[in-house]
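Take a look at the letters that make up each chain.
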Amino acid sequence: MITLTSSDGQTFDVDEVVAVKMQTIKHLMEDGCAESGIPVPNVTGKILAKVIDFCKKHVETAKAEELRAWDADFIKVDQVTLYDLVMAANYLECKRLLDLTCQRVADMIKGKSPEDIREIFNIKNDFTPEEEEKIRKANQWAFE
Amino acid sequence: MNYFPDEVLEHVFDFLTSHRDRNAVSLVCRSWYKVEKWSRHRVFVGNCYAISPERLIARFPRVRALTLKGKPHFADFNLVPHDWGGFVYPWIQVMAKSNIGLEELRLKRMVVSNESLELLARSFVNFKSLVLVSCEGFTTDGLAALAANCRFLRELDLQENEVEDRKGQWLSCFPDSCTSLVSLNFACLKGEVNLTALERLVARCPNLMSLRLNRAVPLEALQRILMHAPQLVDLGTGSFDHDPDTETYRKLISTLQKCKSIRSMSGFLEVGINGVELIQLIGHCRKLQRLWILDCIGDKGLGVVAATCKDLQELRVFPSDLHGVGNAAVTEEGLVAVSIGCPKLHSLLYFCQQMTNAALITVAKNCPNFTRFRLCILDPKKPDPVTGQPLDEGFGAIVQSCKGLRRLSLSGLLTDQVFLYIGMYAEHLEMLSIAFAGDSDKGMLYVLNGCKKLRKLEIRDSPFGNVALLTDVGKYETMRSLWMSSCEVTLGGCKVLAKKMPRINVEIINEYDQMEFGFDDDVQKVDKMFLYRTLVGPRKDAPHFVWTL
């Protein structure tokens, strides 16, 4: 058993076989740093719980179809939670979770215009009108 | 999302496979533009003259897979002179010099010299895939260079290219260490191949999924080769000329039945008039999704396809004899049968003797999911043989029913009415081919005004002139290209267009010196005009008979 402590002080006892699904944790374990628990300062308890759930499910379940269905349900979260999961998966180096969450973000982008994408993700357009027009023209005339 | 580190953004973008999505993403903000630019590995250039190779790699320095298209589509019908352009050499040269890690190259209607192939083979260590469609300019010596030097070659796919076959041993140039082939298509080569080398090559490539042989590979060889490749998904047969009673044919059927993964078939190049054996063969391929076949199969054969191939998505029926009398060909009957039997059909290329409005209306009702519909009635301007009417209503039914239609080729007798329908209903149409159709400028205008997503328009032998050409010149900046040949457009009209639209290259092809500057421009009709939007101005490699206005 490994104890993980989230940024907001919550502790989680995790089987080693589950913990190693997070490469960052795995490296720390291999380096012998896991004796007195592992702090995870970049991830809140709420998110860490979900990540651990994910890893646990993937360790326990062999059937690919069951996993796919479970993953599809797992990823139905609000946007803020999704971002937090992406960042956590990246920091903890959990490849499968990173793939799942990034795919989900990509699905939100597919088929949308730049304006729509900016709105969904609350991003400011920092191009000058001339720059934007130049890129748009190059995209449409050359790369489509 | 603005606080995602670059590598996370890149990971998200990895899941965006369409060029449009990547283009949209590049316009969101400066940081997204930068991340996208450095991580786009697959680049599509629909017109090689819209941009230069230098600008391509300035924008996408990490390009690994490039698609390039050259000549206009009507080059397939010999309407474009051979040396018009579309040379790939400068692109390969620039990429080689800039140390681009090129792995895949897909070229359509480009001129590919042996020097290009040799430079390609020498310059890109990880080169994996070459797909050449309707290209020309190389010989089998160029192929030998590729086979010998590309250690990780996975795909060599030659579709309908004009290749000078030096009858050399290019196939034998694949070293024994080459075991990585996934796709090999040399159907368009005319010469003999070393059958032993071929068989050994197939035998040592366990991942071979797609194999298309040429005419020179006899049935016995096909059977032996198939024994080594039961995993094949796509098969193009070689010669099919044989006696149905032979042991070889029975062995072939038995071997084919062991190839349980075949989803796509083509070839059958010398099928006899009955096509009985061919029909029997297809009867064994229930899971076909794609079938490319000659019209020798006949309406009866198409009936068998309809009854057997319930998963069929794409059908191409090619003419065996372009000036044929009609015994071997297919008619509207075959098409209707397929439309009834194959509910998943969405892509069609159909060369036929005749078509009726009734049949087209039935097909439209049965198959509302067409995305590509190309009908080529061999006799231009042929009306509905039953009613004597133009085919306006039939094609009208197609565009009205098939709401996702992106590509359409028309043929038969057609008036302006069909264009009214197209302008009204074909909302997603991207490419339209018109030949010997329409009555007046109105026809072309219906299309230009109505089809908002139109990208490529090609017109030959139709009565559209300057009024149609010049009414909405801004439209051409929203399209990739326009081809007009043997229409009513004059040199004066083209000059006006070129002057108004400096970012469009208006090219006049003057092959036989029919035209002279100085004559009355308003009277001189232009034989062939090709215009396209471009970021890089008039091209510098145009031959003497191509004038950019």
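Conventions used here
- Each residue is numbered by its place in its chain's sequence as written, counting from 1.
- Chains and ligands are labelled sequentially in the order written, the chains with letters from A and the ligands with numbers from 1.
- With pLDDT at 70 or above as the cut-off, local features in this predicted model cover only qualifying residues; side-chain atom pairs require 80 or more to be listed or tallied, and sums for whole chains, interfaces and linings still use all residues.
- Hydrogens are left out, water is left out, and the side-chain values use all remaining heavy atoms of the structure.
- pLDDT is a residue-level measure of predictor confidence that goes from 0 to 100.
- Interaxial angles span 0 to 180 degrees and are taken between N-to-C directions of axes, which are lines fitted to C-alpha atoms, for helices over the stretch in contact.
- Numbered from the N terminus, helices here are DSSP runs of H or I no shorter than four residues, and strands are runs of E no shorter than two.
- Each angle gets one of four labels, with under 35 degrees taken as roughly parallel, over 145 as roughly antiparallel, 65 to 115 as roughly perpendicular, and the rest as oblique.
- Only heavy atoms matter for contacts: two residues are in contact if any of them lie within 4.5 Å across the pair.
- Classification convention: Asp, Glu, Lys, Arg as charged; Ala, Val, Leu, Ile, Met, Phe, Trp, Tyr, Cys, Pro as nonpolar; all other residues, Gly among them, as polar.
- For every residue, the accessible area (1.4 Å probe, protein chains only) is compared with the maximum for its type, and the residue is labelled buried under 20%, exposed over 50%, or partly exposed between those bounds.
- In the analysis that follows, any N or O atom pair within 3.5 Å is treated as a polar contact, provided that within protein one partner can donate a hydrogen and the other can accept it, and provided that, for residues neighboring in sequence, both atoms belong to side chains.
- Definition used for salt bridges: Asp or Glu carboxyl oxygen within 4 Å of a side-chain nitrogen of Lys or Arg.
- By definition, turning the near helix anticlockwise from the far helix through less than a right angle yields a left-handed crossing, and turning it clockwise yields a right-handed one.
- Accessible area that two parts lose when put together, evaluated with a 1.4 Å probe and summed over both, is termed the buried area.

A. Seen up close, the confidence of the model for chain B. Of the residues in chain B, 94% have a pLDDT of 70 or more, and the chain-wide mean is 92. Both scores are given for the predicted complex: the pTM is 0.92, the ipTM 0.94.

B. The packing of helix α3 (residues 45–60) of chain A against helix α4 (residues 64–74) of chain A, seen in detail. Residue and element names in this part refer to chain A. Packing of α3 against α4 brings their axes to within 11 Å, and their N-to-C directions diverge by 170 degrees. Overall, the two elements α3 and α4 adopt an arrangement that is roughly antiparallel. Of α4, the residues touching α3 (which contributes Lys50, Asp53, Phe54, Lys57 and His58) are Glu66, Leu67, Trp70, Asp71 and Phe74. Residues of the contact of α3 with α4, tallied by class, amount to 4 nonpolar, 1 polar and 5 charged.

C. Representation of the environment of Asp521 of chain B within the structure. All names here are of chain B. Topologically, Asp521 is positioned in the loop between β20 (504–509) and β21 (528–533). Considering only alpha carbons, one finds Asp521 and Gln159, 362 residues apart in sequence, at a separation of 41 Å. Residues within four places of Asp521 in sequence aside, it is in contact with Thr490, Leu491, Gly492 and Lys495.

D. Geometry of the side chain of Ser26 of chain B. Along the chain, the position of Ser26 of chain B falls in helix α2 (residues 19–26). We classify Ser26 of chain B as buried; its relative accessible area is 0%. Only 3.0 Å separates the side chain of Ser26 of chain B from the side chain of Asn139 of chain A, close enough to count as a polar contact. Beyond its immediate chain neighbours, meaning those up to four positions away, Ser26 of chain B contacts Phe127, Ile135 and Asn139 of chain A together with Tyr33, Glu36 and Arg59 of chain B.

E. Focus on the pattern of salt bridges. In total, this model carries 34 salt bridges over all chains according to the counting rule given. The residue Lys110 of chain A makes a salt bridge to Asp107 of chain A at a minimum N-O spacing of 3.5 Å. Owing to a relative accessible area of 33%, Lys110 of chain A belongs among the partly exposed residues under this scheme. The salt bridge partner of Asp234 of chain B is Arg212 of chain B, with a shortest N-O separation of 3.0 Å. Of this pair, Asp234 of chain B sits in strand β10 (residues 234–236) while Arg212 of chain B is found in strand β9 (residues 210–212), placing the two residues 22 residues apart along the sequence. Its relative accessible area of 8% is what places Arg212 of chain B among the buried residues. Residues participating in the shared-partner salt-bridge network are Glu115, Arg118, Glu132 and Arg136 of chain A.

F. Representation of the packing of α3 of chain A against helix α5 (residues 79–92) of chain A in the model. Residues and elements named next belong to chain A. It is at 10 Å that the axes of α3 and α5 come closest, and there the two elements cross at 65 degrees. Between α3 and α5, the angle falls in the class roughly perpendicular. The way α3 lies across α5 gives a crossing that is right-handed. When α3 is examined against α5, the residues Lys46, Ile47, Leu48, Lys50 and Val51 are found in contact with a partner set consisting of Thr81, Asp84, Leu85, Ala88 and Leu92.

G. Region of interest: the interface of chain B and chain A. Taken together, the contact pairs 41 residues of chain B with 37 residues of chain A. Interface area for chain B against chain A, summed over the two sides, is near 3,600 Å², with a carbon-plus-sulfur share of 66%. Together, Phe15, Leu27 and Arg30 of chain B form the three largest contributors to the area buried by chain B at its contact with chain A, with a combined 20%. Summed over the shared surface of chain B and chain A, the result is 3 salt bridges. Put simply, Glu131 of chain A and Arg30 of chain B hold a salt bridge, and the shortest N to O gap is 2.8 Å. Inspection of the chain B/chain A interface yields 14 residue pairs in polar contact (both at pLDDT 80 or more). Going through the elements one at a time, α1 (6–14), α2, α3 (30–39), β1 (42–45) and α4 (53–59) of chain B are the ones with two or more residues in the side of chain B that touches chain A. For the side of chain B that touches chain A, the leading source of residues is α2 of chain B, giving 7 residues.

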